[in-house]
Structure formats: C-alpha cells, structure tokens
Amino acid sequence: MYRSHVLVCGGTGCTSSGSQAIIEKLNFEIAKNGLDKEVQVVKTGCFGLCALGPIMIVYPEGTFYSMVKEADIEEIVSEHLVKGRVVSRLVYDETVTTEGVKSLQDTDFYRNQKRIALRNCGVINPENIEEYIGTGGYEALGKALTEMTPEQVIDTILASGLRGRGGAGFPTGRKWQMARNFVQDGGQKYVCCNADEGDPGAFMDRSVLEGDPHVVLEAMAIAGYAIGASQGYIYVRAEYPIAVKRLEIAINQAHEYGLLGKDIFGTGFDFDIGLRLGAGAFVCGEETALMTSIEGNRGEPRPRPPFPAVKGLFERPTILNNVETYANVPRIILNGAEWFAEMGTEKSKGTKVFALGGKINNTGLVEVPMGTTLRTIIEEIGGGIPNGKKFKAAQTGGPSGGCISAENLDVPIDYDNLIAIGSMMGSGGLIVMDEDNCMVDIAKFFLQFTVDESCGKCTPCRIGTRRLLEMLDKVTKGQATLEDLDRIEKLCYYIKDNSLCGLGQTAPNPVLSTLRYFKDEYIAHVVDKKCPAGVCKDLLSYEIDKEKCIGCGMCARQCPASAISKTDYTAPGKKLPALAIDPEKCVKCGACMAQCKFGAISKK
Amino acid sequence: MKSLEELKAIREKMQGQVGMRHEDETTTRVVVGMATCGIASGARPVLNAFVEGVAAKGINDKVVVTQTGCIGLCQYEPIVEVMEPGKEKVTYIKMTPEKAAEVIDKHLVRGQVVAEYTFK
C-alpha cells in the first residue's frame, strides 16, 4: 500500500523533454530517502498540457509540477515527499492563488474540459493492465458478452449518436449494423482500427494509444462481438514508436489475462487483435487504402461501393473506426446511450478531442463537449495567443479542412456547423494563427503536403493539385493576375468533384476556405504585390534607416548572404557610417532585423 | 479470465490504488505534519499507520491520507489533522501508531471524535 503516487507523463511530448531521466532520478532519490515502500512512481500517458512538459503530479495532494528538470528532483523528494512541503516555485502557476494551491480541475485549462476518451490518459500506467481494470476496464466487454445480444450492443451505439471521430462523422452504429446484416454467410469478418494519424499537427490518437491502449482493445472486442468478427487489426504508423510498444505490451497482457483469445469470460466468444505498422503514407489513413495496405499491397484507394462493411479487408465485411471513436465505446456500453446522448449538440453527441497547436499559449490536448465554441477553446482553455498578438484564424481538419476566421469564433463546434462554415472536423487538429501568418502561405503549405502525399492513382488529384500549387506559388511571388484567382477556384471544384478518394476530394479545402474568408489577402498579393503579414519573401524587402543606424555592424556579421555593407553617410551624432542592404543579394531571412538593437531595420 | 468475478477481484484490489488519483470534495483528508519537528518526534510511523489502517478498513475511497509541513505547534508533534467536508477541523496531538489505530476505528469509521487526544 503506497501512501503517495507520483505520476510522471511518459507521452511523446514529455518523453522528448526528458521525462524518462526524471523517472529514473525520482526512483533513485526515493530509494535514497527510504521511501520506496511508501511512494510509488507511475509513468502515465499524456496529461494534455504538453506546452508545460515534463509534467508531474503528486497524489493524494494533486500537486501539479510543470517544466520539471532532473536537477529539481532532489528538492521535490526531500521537501515534498519527505516533509510534505510543496516546492511552490515549480508548481504550475495557474494553480497558485493567494489562498494557497488550488485544484487542477479549477484551472482554465481543465475547467472547461470533459474527459471521456482521455479519461485514463495521465491517470493510469498504460503498461499495467491491472490499473486499467482498476478504473473499470474490461467491464464493458464483460457486460456486452454476458448481458447483451450483439443487436443490443449495436442499438446502444446507434442510440448514443456516436459518430466517427476520424473526420467524416459517419454514425458508428450504422457502420456496425451494415457489417452485421449485409453479409450473413457465417464467414470471417474483420474489425479494424485506424491509427494512421497523419494530419500535420494532430496527435490525439497517439496520446490515447500511449496513455490508454487497453480502451482500444476492449472496444474492438466489443465491436467484434457486435458484428460477429473474431479477428481485429490495428493499423498504426511506425512513426509512433511509444504507441506501438505500449500496444504490443497491452495485447500481450490482455492475452495473459484471457481478455483476448479464445472463450473470453467463458462465453465462447473468441477475439484476437494483430498490429500492422504503416510506413508513413498519408493516403493509408483513407479506409480502402488502409485495408489494401494491411493485405500487403501498395496502399492505394479503390472506388466505393462496395463499401468495406460489405466487401472490405480480404474481400470480407469489415468495420474500420478511428482510435478516438473506439475510446468512447466502453463508457457508452457501461453508462448507457442516454448518458452519452446528453452531451453535445443535436446531431453531434459526446465530446471531441482537439490537438491545440500553433500560436497558442497552452499547446496540448483538450477534450470538450461538442458545441463548445472556438472562443472558449482558444481564449480560456488554450490561454490565448502569445505575445499579445491578435487572432486571425484557426485551421481545423488538417490538409482536408479549412480555416475558421474571427467572425466564426462563436459558432458552436460540431460536424455540421464546421462543414457549413467551409471547414471540417477532421481528426481534430486545431492550429491557431495570428496576424503574422499569411493565409496564402498557409494554403500553400497544406497543398504542398497533399501534393507530396497524393498516391498518384487518379489524375485529378495527382496532376490537379500540382497545377493548383503552381498557381498559388505565382500568387505568393506576386506574378498572378485576378483571372488566376478565378482559375484557382475553378480548379479546386474540379479536383473535389473528380478525385477517387477522400484525399483528393478534400485537398482543395484549405485553398477554398482561405479564398472565402481572406480574399483581400489574395488580392493584396496579386494587385498590390504585397504580403500583408510579411511572410512571402518575394514580396518583401528589408531596409536600414540610415538616420537610426549607428554603424555597429552587428547585422552585417549575421547576414548569411553578405548583403550588408557600409555607406558613406554618417548620421548626425553617430560615430560610424550607416549600413545598407543590397536588395540584389538579400535572401530575406530576417536575421539582421532580429539582431539590430536600435530598431533601425524594418520589413516592408 | 474465465469469469466476471475474477475481473471484479482485480478491480477491487486496484481501486484503492488508482482511486487516489483524482480530487474529490467529498473525501475526508487526514493530514500528518511531516516537517523536521514532526519527523523527529515520530510522524513517519504514524503516517504509515494511517495509510495502512485506512486501507485495511476499506475506507480508502472516502479518506485520503496526506502530509503537510510544520503546523507551528512543534512541542505537540506528531500532529494529525482530520478534515471532514462540512465539519470543523479536528487536531490530534502527540500521536503514536497505536493512537492512530484508535482514531481510524472510532473517528474515521464510526464518526466519533477521540476527544482525549485532541488539542485543547
């Protein structure tokens, strides 16, 4: 029996900022102080507040230490764990008030969140199945197998209103129903999990897999029971080594405890799960391409119908759900459909996890009820935009989504509202942009990504996106005309209408939505040959104000292109001649401006 | 896993462990003074007696045992404060593991303050 638990985040974010060394040091210091029978160190998954990592929570007090360094551990152990004195300089400052340390749940970051998919992330040790069971794990599977018929499981999921969290938002229960009913020949069916999270800036599936891998296994077994499948596959990116390792451990432990394999709970139900590692092609997140890849072929999509529920993996009925979708399933089975359907909006039930990134103070993972406004997410949970800059737009849905402008900050976020304002839920990446971001450049960035990732099977996507990128490039170089803008829009719709799979059909979304909300920026590039945000290098010039320049030469030393040299003008009161930038040589890197302490260099 | 009973047994075993990791306003807090003065007069065995005793009684879903620094009454250490939601704080002084067992049994389980050990 331990009197205290020290939880240290072992997610990818905190691991990369050194949490493994912290755990080792903690164990060493705890043993040195003779507390190893009293205090337990637990390596957990992601707490969500990745910007402040490495993160450490001491229970039962619930003290939240942030940005912990190895050198701080000795003090934390000798002060807090031995003597009970909180090391206040290391405590997350949001929790410190004049009346002492307040609960983490009352901070702006956590107060507005509702954690269902992430309920165990940052709470349990993901490498210990007993901790998962201790929070009610595998009870939903037990309930489904012993108290419910497969039809009742499907009806519960249908009634809950759960929709696919991978982006498109197809009702999960409907998918299961189709896979159960369409083909009833007694042959093999499959349950697949899409863990090929590829959107730039999205990391919610990774965090669930790293923090709570068993929830996915349990949900897949429930799905297998519902549709009549005995085999499941998880398709996970090889770029997620921690997630892969914890999934392997989880599958082995589930086998050991008889929660996967033959005759689960003595009910005669068999279910097994295999891992398949993706080699990193974005298109493999598309369902037909993913299944083709599991089969051992080159990951390319195929036309639908037939839908996977009828003819999927190995030409057999298959359901494919996203990690976050599965993470909701056990709780729905345990708490009932009504409990889940009470949260969210009319057509989007439950919660959604967002990966907050970009120009935001609290970079990290948040889970909010559907229908929360973007303003709440950005200003309250996210802690606003750094350096007092102004919000310009938020990008949701990655390369398939679009930008939400300031005028839509108060729209309740759900599947249908996001589509109505020209974006989409996507897997839940949310990248915040401020006034220093150029919207044409953003559109170009995402399009460059889809151009690289297009599998090349269909022409509209392979060639269409490339032509589109070339036209955007012209805009950012100031070489485009207003007619080009019309042609861009026309090509966007052509690609959307004619591509084979979701990748191509959604690839023009970043362009279309920026054209819709930020047309003035496109026009500034085309007509005035200016980039209002000062990002597009071809439309920029750096200049030295010769009256302010003291001739110190710091800028010239920084210049990688040797474009700065002395002039023969010395400003009144200055000792050395002013410098000037040769626009022919300048590569517009901005190094000179960052170096100048006298504010003499400006960007136009 | 051949039965739901096995699953339940593991859950019950683990619940006391994992249950510590959330904050709840309805729990009773037992706070042991663990500054130098407390440790010197034997607070650590008292703390451990509370942790083990609370677990043994199976009330660890309602009671958390935690530690604090110097309360300021060093001559009365080891000091233990019991804070129940909505009730006045009770301060026990000069505690020993034996007294701790009595406090767990009478106060934490049955709700009767052990007046003879309190600070007056």
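Let me sum up the structure you'll find in this document. None of the values given here were measured: they were computed from a predicted structure.

### What to know about the pairing of strand 7 (residues 190-195) of chain A
All names here are of chain A.
Line of reasoning, step 1. Counted residue by residue, strand 7 has six buried out of six residues, so it is predominantly covered.
Line of reasoning, step 2. Side chains of strand 7 alternate between two faces, with Tyr 190, Cys 192 and Asn 194 and Val 191, Cys 193 and Ala 195 buried alike.
Line of reasoning, step 3. Sheet topology places strand 7 next to strand 8 (residues 231-237); six bridges connect them, and they run parallel. Each residue of the ladder has a partner; that of Cys 193, found in strand 8, is Ile 234.

### Some points on the pairing of strand 12 (residues 351-358) of chain A
Residue and element names in this part refer to chain A.
Line of reasoning, step 1. Of all eight residues that make up strand 12, seven are buried, and the element is covered over most of its length.
Line of reasoning, step 2. Count of turn residues in the strand 12/strand 13 (residues 364-369) antiparallel hairpin: five residues.
Line of reasoning, step 3. With four bridges joining them, strand 12 and strand 16 (residues 429-434) adopt parallel strand pairing. When the bridges of strand 16 are listed, Gly 357 appears paired with Ile 431.

### Overview of the sheet that holds strand 8 of chain A
What links the strands of a sheet is backbone hydrogen bonding, and the strands pair in either a parallel or an antiparallel sense.
All names here are of chain A.
Line of reasoning, step 1. Taken together, the five strands give an open sheet; going across it, the order is 9-10-8-7-11, and neighbouring strands pair in mixed fashion. The strands lining the two open edges of the sheet, one partner per strand, are strand 9 (261-264) and strand 11 (318-322). Direction aside, the axes of adjacent strands within the sheet are offset by 25 degrees on average.
Line of reasoning, step 2. The strands touched by helix 13 (residues 323-335) within the sheet are strand 7 and strand 11, with strand 11 carrying the most contacts at an inclination of about 95 degrees.

### A closer look at the pattern of salt bridges
Line of reasoning, step 1. This model, assessed by the stated rule, comprises 40 salt bridges over all chains.
Line of reasoning, step 2. Residue A:Glu130 pairs with B:Lys13 through a salt bridge whose shortest N-O separation is 2.7 Å. You can see A:Glu130 sitting in helix 5 (residues 129-134) and its partner B:Lys13 sitting in helix 1 (residues 4-18), one on each of two chains.
Line of reasoning, step 3. Salt-bridge contacts for A:Glu379 lead to A:Arg375; the nearest nitrogen and oxygen are separated by 3.3 Å. Within this pair, A:Glu379 and its partner A:Arg375 are both found in helix 15 (residues 374-381), separated by four residues, close to a single helical turn.
Line of reasoning, step 4. Looking at A:Glu379, the relative accessible area reads 45%, which means it is partly exposed.
Line of reasoning, step 5. Each member of the salt-bridge network shares a partner with another, and the members are A:Arg3, A:Glu38 and B:Arg44.

### Some thoughts on the nonpolar core
Line of reasoning, step 1. Core analysis: the largest hydrophobic core is formed by 77 residues, its most contacted members being A:Tyr138, A:Trp176, A:Val216, A:Leu217, A:Ile234 and A:Tyr326.
Line of reasoning, step 2. In terms of residues, this core owes the most to one element, helix 10 (residues 213-227) of chain A, which gives 11 residues.
Line of reasoning, step 3. Counting the residues that make up this core, at least three belong to each of domain 2 (129-341) and domain 3 (351-434) of chain A.
Line of reasoning, step 4. Those residues in contact with A:Tyr138 that lie beyond four places of it in its chain are A:Ile129, A:Tyr132, A:Ile133, A:His214, A:Leu217, A:Glu218, A:Ala254, A:Leu259, A:Phe265 and B:Leu7.
Line of reasoning, step 5. Counting 46 residues, the second largest nonpolar core, distinct from the first, contains A:Leu356, A:Ile381, A:Met439 and A:Ile442.

### What about the interface of chain A and chain B?
Line of reasoning, step 1. Taken together, the 44 residues of chain A in the interface contact 34 residues of chain B.
Line of reasoning, step 2. Taking both sides of the interface into account, the surface hidden between chain A and chain B amounts to around 3,300 Å²; carbon and sulfur atoms contribute 56%.
Line of reasoning, step 3. Here chain A is connected to chain B by three salt bridges.
Line of reasoning, step 4. For A:Glu38, the salt bridge identified is with B:Arg44, shortest N-O distance 2.9 Å.
Line of reasoning, step 5. On the surface where chain A and chain B come into contact, there are eight residue pairs in polar contact (both at pLDDT 80 or more).
Line of reasoning, step 6. When residues of the side of chain A that touches chain B are traced back to their parent elements, those giving at least two are strand 1 (4-9), strand 2 (39-44), helix 3 (73-83), helix 5, helix 6 (139-147) and strand 9 of chain A.
Line of reasoning, step 7. Across the side of chain A that touches chain B, the residue classes tally to 18 nonpolar, 16 polar and 10 charged.

Conventions used here
- Residues numbered from 1 in each chain as written.
- Chains lettered and ligands numbered in written order.
- Predicted model: local features only at pLDDT ≥ 70, side-chain atom pairs only at ≥ 80, totals over all residues.
- Heavy atoms only, no water.
- Buried < 20%, exposed > 50% of the residue type's maximum accessible area, 1.4 Å probe, protein only.
- Helix = DSSP H or I, 4+ residues; strand = E, 2+ residues; numbered from the N terminus.
- Pairing = 2+ DSSP bridges.
- Axes fitted to C-alpha atoms, helices over the stretch in contact; angles between N-to-C directions.
- Contact = heavy atoms within 4.5 Å.
- Salt bridge = Lys/Arg side-chain N within 4 Å of Asp/Glu carboxyl O.
- Core = buried A, V, L, I, M, F, W, Y, C linked by side-chain atoms within 4.5 Å.
- Domains from an automatic or database assignment.
- Buried area = accessible area lost by both parts, 1.4 Å probe.
- Polar contact = N/O pair within 3.5 Å; in protein donor to acceptor, adjacent residues only side chain to side chain.
- Nonpolar A, V, L, I, M, F, W, Y, C, P; charged D, E, K, R; others polar.

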